[in-house]
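# Close look at the chain arrangement
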Amino acid sequence: MARLTYRITVLVTAQIFLIVTSFLIMIHFESQLNLAGNVVNVAGENRVLTILVRDELRDKLFQEGDQALDGSRTLAALDALESNILFLKEGGTSSGIEISPLSPRFEGDWNLIWNMFGQYRAEILECLSADNTDAVAVITDIDTIKYTGDRLVALSDELTDKLSHDVDVLLSNLILLQVFLGITNVVAHIFLIFLIWRIFSRHTAEMVRMGKITAVGELAVAMAHDMKTPLGIIQNSTSLIRHRGGDSDAVGSTIDRMERAVRKMSHQIDGIMNSVRNVPLVMSPTSVSDMLGRSVAYVDIPDTIRISMPKDDALVTCDPAKMEMVFANLLLNAIQAIGNDDGHVIIRLVDGETVTIEFENSGPPIPASHMTSLFEPLFTTKLQGTGLGLVSCRNIMEQHGGSISVSNDPVVFTLRLPKSGQAERGGD
């Protein structure tokens, strides 16, 4: 349950991280869009301020009376235009409006505006300082200033249009980004739901598997425990009979059959008990070749079947009794699969990053419909099988930190175990 909770927590955390990241990206781009929009507004204000300067000058020159004859309002408007042009270039905050410094791409356009403003300012200051009694001269000065102001307005409009184009591109990119992040979050959400569904499905399947084991566990353990005692009595009795009167061929043959039957029943009982409970392992560094040899000697092998043993050897840290039970179980399955036909069982050993042991048999391929159920509790295709042999093998392999798998045509059961040094480090 803790592992399930951990996986779901990781997935949900990843989803939350994606949502928060998307939100922060959107905030960043919207902030950049707002700054770019403010730049456009500041650039556009140059038009208004340029015209305002000209209007204030006109009012100063042509109004009647003594009001504002000093031209202070005209000079104030001119200073406001200058400040706005510099603010556009340098960026910062003014009157609650924040903008970034003007991009170097527009430095040439800004220089044209600044130079034209210098000319505009010089003409206005000259007009304000001149003798305004000559009406014709005043009109001529106003026309010149108007022409320069119109050129300044045109340059400001050109820069404003370029900045507006950048804002339009940024807005389009923002919309595309919103669509992309939206689709990404939807896909990630669907994928998250799918992963959680798979996790719960596997968890449910595992619970069903454990339920099957639990259903037979108490009865199986009780029966196995009860059967161990009479089997021990039978085995001791056969030893006693052999000791006292086993020289006869008939008696010896009977005793051999009894001992094989006892070993077979003991094997099935051990399989049941190992499939329903995890008996503590008695670990020790052991030769794989030695364990294979004892396992082959333990199984009754027909004369029609040839066993090919590996020439190499490897050392693993394991419970020898448990591991020999796995080997014997796979050998017995291979022999039963071959049946009465001539055949062979090839055992291979590969000593690499892990110790790999393969059991290949010449029997018929496993039906494809059975491949996914081989390691399920109570699944068997044999009339005398318990459906717990391979379950027991998997249980023992997992206790050792290893694994068991199967491939088809030819049928090969593959065991993987940590090497002796790895197992010892893992135990530390």
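Our subject in this report is the structure included herewith. (Residues numbered from 1 in each chain as written. Predicted model: local features only at pLDDT ≥ 70, side-chain atom pairs only at ≥ 80, totals over all residues. Heavy atoms only, no water.)

### Comments concerning the overall build of the protein chain
Applicable threshold: Helical segments are the DSSP runs of H or I of at least four residues, strand segments are the runs of E of at least two, and each set is numbered from the N terminus. Contacts between residues were defined by any pair of non-hydrogen atoms, one from each residue, lying within 4.5 Å. In short, Shrake-Rupley with a 1.4 Å probe defines the accessible areas, and a residue's cover is counted only from the protein chains shown.
Counting its regular elements, the protein chain contains ten helices and nine strands. Put simply, 76% of the contacts in the protein chain that link residues at least 6 apart link residues at least 24 apart. Looking at the protein chain as shown, the accessible area adds up to about 24,400 Å², and 59% of this sits on carbon and sulfur atoms.

### Considerations on the pattern of salt bridges
The condition that has to hold: When a carboxyl oxygen of Asp or Glu is within 4 Å of a side-chain nitrogen of Lys or Arg, the pair counts as a salt bridge. Each residue is placed in one exposure class: buried if its accessible area under a 1.4 Å probe, protein chains only, is under 20% of its type's maximum, exposed if it is over 50%, and partly exposed if it falls in between.
As enumerated under the stated definition, the model contains twelve salt bridges in all. The residue arginine 348 makes a salt bridge to glutamate 360 at a minimum N-O spacing of 2.6 Å. Taken together, the residues arginine 348 in strand β6 (residues 343-351) and glutamate 360 in strand β7 (residues 354-361) connect sequence positions twelve residues apart. Using a relative accessible area of 14% as the deciding quantity, one classes glutamate 360 as buried.

### Details of the sheet that holds strand β4 (residues 305-308)
Pairing between the strands of a sheet is mediated by backbone hydrogen bonds and can be parallel or antiparallel. To keep it simple, the criterion reads: A pair of strands is considered paired only if DSSP assigns at least 2 bridges between the two. Note on definitions: angles span 0 to 180 degrees between N-to-C directions of axes, and those axes are lines fitted to C-alpha atoms, for helices only across the stretch in contact.
Read from one edge to the other, the open sheet built from five strands follows the order β4-β6-β7-β9-β8, with strand pairing classed as mixed. The open sheet terminates on both sides in strands that have one partner only, identified here as β4 and β8 (403-407). Averaged over all adjacent pairs, the angle separating strand axes in this sheet is 15°, with direction ignored. Inspection of the sheet shows β7 paired to strand β9 (residues 411-418) by eight bridges, in the antiparallel sense. Directly across from valine 355, in β9, lies its bridge partner leucine 417. Taken strand by strand, helix α6 (residues 288-298) contacts β4, β6 and β7, and its axis lies near 30° from that of β7.

### Section: α6
Here is the rule we go by: This arc describes the spread of directions from the helix axis toward the C-beta atoms. Nitrogen and oxygen atoms within 3.5 Å of one another constitute a polar contact, given that in protein one can donate a hydrogen and the other can accept it, and given that sequence-neighbouring residues count only through two side-chain atoms.
Listed as buried for α6 are Val288, Met291, Leu292, Ser295 and Val296. Projected down its long axis, α6 carries its buried residues within an arc of 135°, all on one side. Next to the buried residues of α6 lie β3 (284-287), β4, β5 (315-318), α7 (320-338), β6 and β7. Backbone nitrogen of serine 289 and a side-chain oxygen of the N-cap are separated by 3.3 Å at the start of α6; the cap is serine 287.

### Comments concerning the packing of α6 against α7
Applicable threshold: Each angle gets one of four labels, with under 35 degrees taken as roughly parallel, over 145 as roughly antiparallel, 65 to 115 as roughly perpendicular, and the rest as oblique. Left-handed is the label given to a crossing in which the near helix is rotated counterclockwise from the far helix by less than a right angle, and right-handed is the label when the rotation is clockwise. When residue character is reported, Ala, Val, Leu, Ile, Met, Phe, Trp, Tyr, Cys and Pro are called nonpolar, Asp, Glu, Lys and Arg charged, and the others, Gly included, polar.
Taken N-terminus to C-terminus, the directions of α6 and α7 make an angle of 55°; their axes are 9 Å apart at the nearest point. Between α6 and α7, the angle is such that the two are oblique. Considering the relative orientation of α6 and α7, their crossing is right-handed. Facing Val288, Met291, Leu292, Arg294, Ser295, Val296 and Tyr298 of α6, the residues of α7 in contact are Pro320, Met323, Glu324, Phe327, Ala328 and Leu331. In terms of residue class, the contact of α6 with α7 is made up of ten nonpolar, one polar and two charged.

### Brief notes about the pairing of β9
Taken across its eight residues, β9 has seven buried, putting it largely inside the fold. Where β8 meets β9, five bridges bridge the pair, whose relative direction is antiparallel. Bridged to valine 406 within β9 is phenylalanine 413. What sits between the antiparallel neighbours β8 and β9 is a turn of three residues, in which aspartate 409 has the positive phi angle 50°.

### Regarding helix α2 (residues 72-90)
We count it as follows: One less than the residue count of a helix, multiplied by 1.5 Å, gives the span that helix is expected to have.
Spanning 19 residues, α2 covers 27 Å between terminal C-alpha atoms, matching the ideal 27 Å at 1.5 Å per step. Every buried residue of α2 is listed here: Thr74, Ala77, Leu78, Leu81, Glu82, Asn84, Ile85, Phe87 and Leu88. Note on α2: the residue one or two positions beyond its end, glycine 91, has a positive phi of about 75°.

### Re the pairing of β7
On a regular strand, one side chain projects to one face of the sheet and the next to the other, so that they alternate. For β7, the tally of buried residues reaches six of eight residues, placing the bulk of the element in the interior. Here seven bridges tie β6 to β7, and the two strands are oriented antiparallel to one another. For leucine 349, the partnering residue across the bridge sits in β7 and is isoleucine 357. Where β6 folds back on β7, the antiparallel hairpin that results is connected by two residues.

### Here's the deal with unusual backbone geometry
Note that the residue after aspartate 409, namely proline 410, is joined by a cis bond; omega there is 0°. By the element assignment, proline 410 lies in the loop between β8 and β9. Although it is not a glycine, aspartate 409 sits at a positive phi angle of roughly 50°. For aspartate 409, the position within the fold is in the loop between β8 and β9.

### Description of the nonpolar core
Here is the rule we go by: Take the buried residues of types Ala, Val, Leu, Ile, Met, Phe, Trp, Tyr and Cys, join any two whose side-chain atoms come within 4.5 Å, and each joined set is a nonpolar core.
Membership of the largest hydrophobic core comes to 38 residues, with the highest contact counts inside it found for Val288, Ile357, Phe359, Phe413 and Leu415. Secondary structure elements with two or more residues in this core: α6, β5, α7, β6, β7, α9 (389-399), β8 and β9. The dominant element in this core, judged by the number of residues it contributes, is α7, at ten residues. In this structure isoleucine 357 touches Val288, Phe327, Ile347, Arg348, Leu349, Phe413, Thr414, Leu415 and Leu417, once residues within four positions along its chain are discounted. Core analysis: the second largest hydrophobic core is formed by 36 residues, Tyr120, Cys127, Ile142 and Leu155 among them.

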